Protein chains: 2
Amino acid sequence: MRRYRRFPHLVVAAACCLVWLHQPPRSAADPLPSWNAGKSKAALVDFVARVTDGDSPDYVPAAERIATFDNDGTLWCEKPIYVQAQFAIERVRHLAPQHPQWKTTPPMQFVLDDNMPALLQTGSRGWVELIAAAHAGHTTAEFEQTVLEWLAAARHPRFDRPYTELVYQPMLEVLEYLRANDFQTFIVSGGGSDFMRPWTAQAYGVPPQQVVGSTVVTRFELRDDKPALVRLPQLEFLDDGDGKPVGIGRSIGRVPIVAFGNSDGDLQMLQYTTMRPGPSLGLIVHHNDARREYAYDRDSDVGRLDKALDQAPRRGWIVVSMKDDWKVIFPSEAASGGD
Amino acid sequence: MRRYRRFPHLVVAAACCLVWLHQPPRSAADPLPSWNAGKSKAALVDFVARVTDGDSPDYVPAAERIATFDNDGTLWCEKPIYVQAQFAIERVRHLAPQHPQWKTTPPMQFVLDDNMPALLQTGSRGWVELIAAAHAGHTTAEFEQTVLEWLAAARHPRFDRPYTELVYQPMLEVLEYLRANDFQTFIVSGGGSDFMRPWTAQAYGVPPQQVVGSTVVTRFELRDDKPALVRLPQLEFLDDGDGKPVGIGRSIGRVPIVAFGNSDGDLQMLQYTTMRPGPSLGLIVHHNDARREYAYDRDSDVGRLDKALDQAPRRGWIVVSMKDDWKVIFPSEAASGGD
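Residues numbered from 1 in each chain as written. Chains lettered and ligands numbered in written order. Predicted model: local features only at pLDDT ≥ 70, side-chain atom pairs only at ≥ 80, totals over all residues. Heavy atoms only, no water.

Where do I start with the overall build of chain A in this structure?
Looking only at helices and strands, one finds 15 helices and seven strands in chain A. For chain A, the C-alpha radius of gyration of 20 Å lies close to 20 Å, the compact-globule estimate for 339 residues. Once the C-alpha set of chain A is aligned to its principal axes, its extents read approximately 65 × 45 × 40 Å. When each of the 339 residues of chain A is scored for burial, the buried share is 60%. Considering only residue pairs separated by 6 or more positions, chain A has 68% of its internal contacts joining residues 24 or more positions apart. For chain A, the computed accessible surface area is about 13,700 Å², with 51% contributed by carbon and sulfur atoms. In chain A, 36 side chains carry a positive charge and 42 a negative one; their mean positions are 3 Å apart. (Helix = DSSP H or I, 4+ residues; strand = E, 2+ residues; numbered from the N terminus. Rg over C-alpha atoms; globule rule 2.2 N^0.38 Å. Buried < 20%, exposed > 50% of the residue type's maximum accessible area, 1.4 Å probe, protein only. Contact = heavy atoms within 4.5 Å. Areas by Shrake-Rupley, 256 points an atom, 1.4 Å probe, with all protein chains shown as cover. Lys, Arg positive; Asp, Glu negative; His and termini not counted. Charge placed at Lys NZ, Arg CZ, Asp CG, Glu CD.)

How should I be thinking about the relation of the copies chain A and chain B in this particular structure?
Superposition of the two copies of the chain requires a rotation about an axis and a shift along the axis. For the match of chain A to chain B, the screw axis carries a shift of 0.0 Å, the RMSD comes to 0.0 Å, and the turn is 180 degrees. The transformation just described matches what one would write down for a two-fold rotation axis. Using C-alpha coordinates, one finds that chain A approaches the rotation axis most closely at S251 of chain A, a distance of 3.1 Å. Here 100% of the interface residues in chain A have copies in chain B that are interface residues too; the copies meet face to matching face. (Least-squares fit on C-alpha atoms with pLDDT ≥ 70 in both.)

How should the packing of helix α11 (residues 243-251) of chain A against helix α12 (residues 267-274) of chain A be read in this particular structure?
Angle between the axes and distance between the axes: these two values describe a pair of packed helices. Residues and elements named next belong to chain A. Viewed as axis vectors pointing N to C, α11 and α12 meet at an angle of 55 degrees, and their least axial separation amounts to 7 Å. The orientation of α11 relative to α12 falls into the category oblique. When α11 is examined against α12, the residues K244, P245 and I248 are found in contact with a partner set consisting of Q268, M269 and Y272. Of the residues contributing to the contact of α11 with α12, the split by class is four nonpolar, one polar and one charged. (Axes fitted to C-alpha atoms, helices over the stretch in contact; angles between N-to-C directions. Parallel < 35°, antiparallel > 145°, perpendicular 65-115°, else oblique. Nonpolar A, V, L, I, M, F, W, Y, C, P; charged D, E, K, R; others polar.)

Rendered as structure tokens:
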């Protein structure tokens, strides 16, 4: 991978192309070929049919067809730890020699001490703060380059593939299916906007302006007459939990009609989307497939799903069983014909 | 107007339809019929041709064709004072009886004392803070309704028309022209996002998710099991001056290739857009037409244009003369065949 260091865009693009080429042929009749027939698939197809049919009482004009997706655990694998957390850990280790004070400064200290329990306690906020601190003074363009270089080289410890290949094939189909029906698909994630935007267009077909994430404070500067946004070591906005509807309000300005999440960090986004008059659909990806991916919910440090799982029945949210509803998990399996 | 109070959407929609119907017929050959032939029009047409021609060295893929527009003074009339300032003043007067403490609290005090010089000194920040204070505790949905009701009833003191009819016909054509060439058009304004989003889709064809503005802090709440975003009396982000590139970075995540402004509040957005490698276009609307609209620049409290005007020649920014470049100012003139 070393020789491609100067062209990380190309490597990530190539990985994404591979994913694309490996997708199974679609039948015109089935927009969701990696979904088994069942309640979840039926609910999705039924909802899209109702809101796009001009004669239906549930018709929603195309301009209002906003769908929001959590990223970690909803669109790609978040175990054993969030990809962004792995990135943060490696960056802090890499940059530590230049910052001796980190040895005694949490949360950097937790990284350098290999104190994972303390690190995991910090949650989304911790990861974003870690990255904010590690990359303070870098421009957003430099940071983008760093993210792409890292993604081009990093591999998942269990699946031994680039993280961008560990996106969920059934969810790629949902994104495409909704866009084919004039939905606008947004990512609304606790992860950093600047961490996601360099690669979401290629991986998911979601362009940077449709990525709503956590942000650090930035400052506009002219450096040698060249304009730059410089990242400061300060969290500006945490787009998680209560923050998700707030982030949707400030960046999108419309209430979504579809929200897809997988953890309690998505609870308020699901409430905001569905607990109002008019047609709406809330869905939760339930990680219950230890063989093909991971099985976790109420007791997990990463992607804990507890309150949202309790509320799902009375709110009418669809709980998607990865084990039963998905024929394949990753695009590479789709390429080999499923399991 | 009183009888329409419960249907402000309809009134604003009707006003916008009227604007639309009054637009002059377009010739396929001229996408900018309200622009006189000249340097400004030629620069616009030449730029769009270059970046959309796949054989041109300046070709820009459609996904990267981001164009950002200031609102006040660039897309609609900002004199004698910003529309949002007029709104804020009237709202503060209207709500003052419920807030006796405002009599001694700036900037509300300036409104109640009719102290315009002090008010104008507060700038964009002042207006956004005024509105934040006046509407604290309201939900974003309630605020949207208030804005639409106000716009449906308010009339410009000189032109005696609804403000939404005082949009600039030549700029409507630019917006449409760019979109026809696969640009995404964004508004990037010092005005409040929540003040603009209720009507920009109808007035400009710019949907809420493409409006980047100043924001107040909001909080997600379930009120009687109904989700709401509640506005707090605190400015979150001022999308003006240095804040414009920052707002573009956080909401769009791409550097625009076209930026259109009219005041020093747009200086940094123009710098951010144009002072980098690759094709770009910066434009400034110069208000020099006292007869048909207003004439102001370096000494104006509202929409001061001083530093950006100085920098325009060496940065290659096009200074658009309203007097010479625009055949008509408002859609109503276009309807009557121009001047």
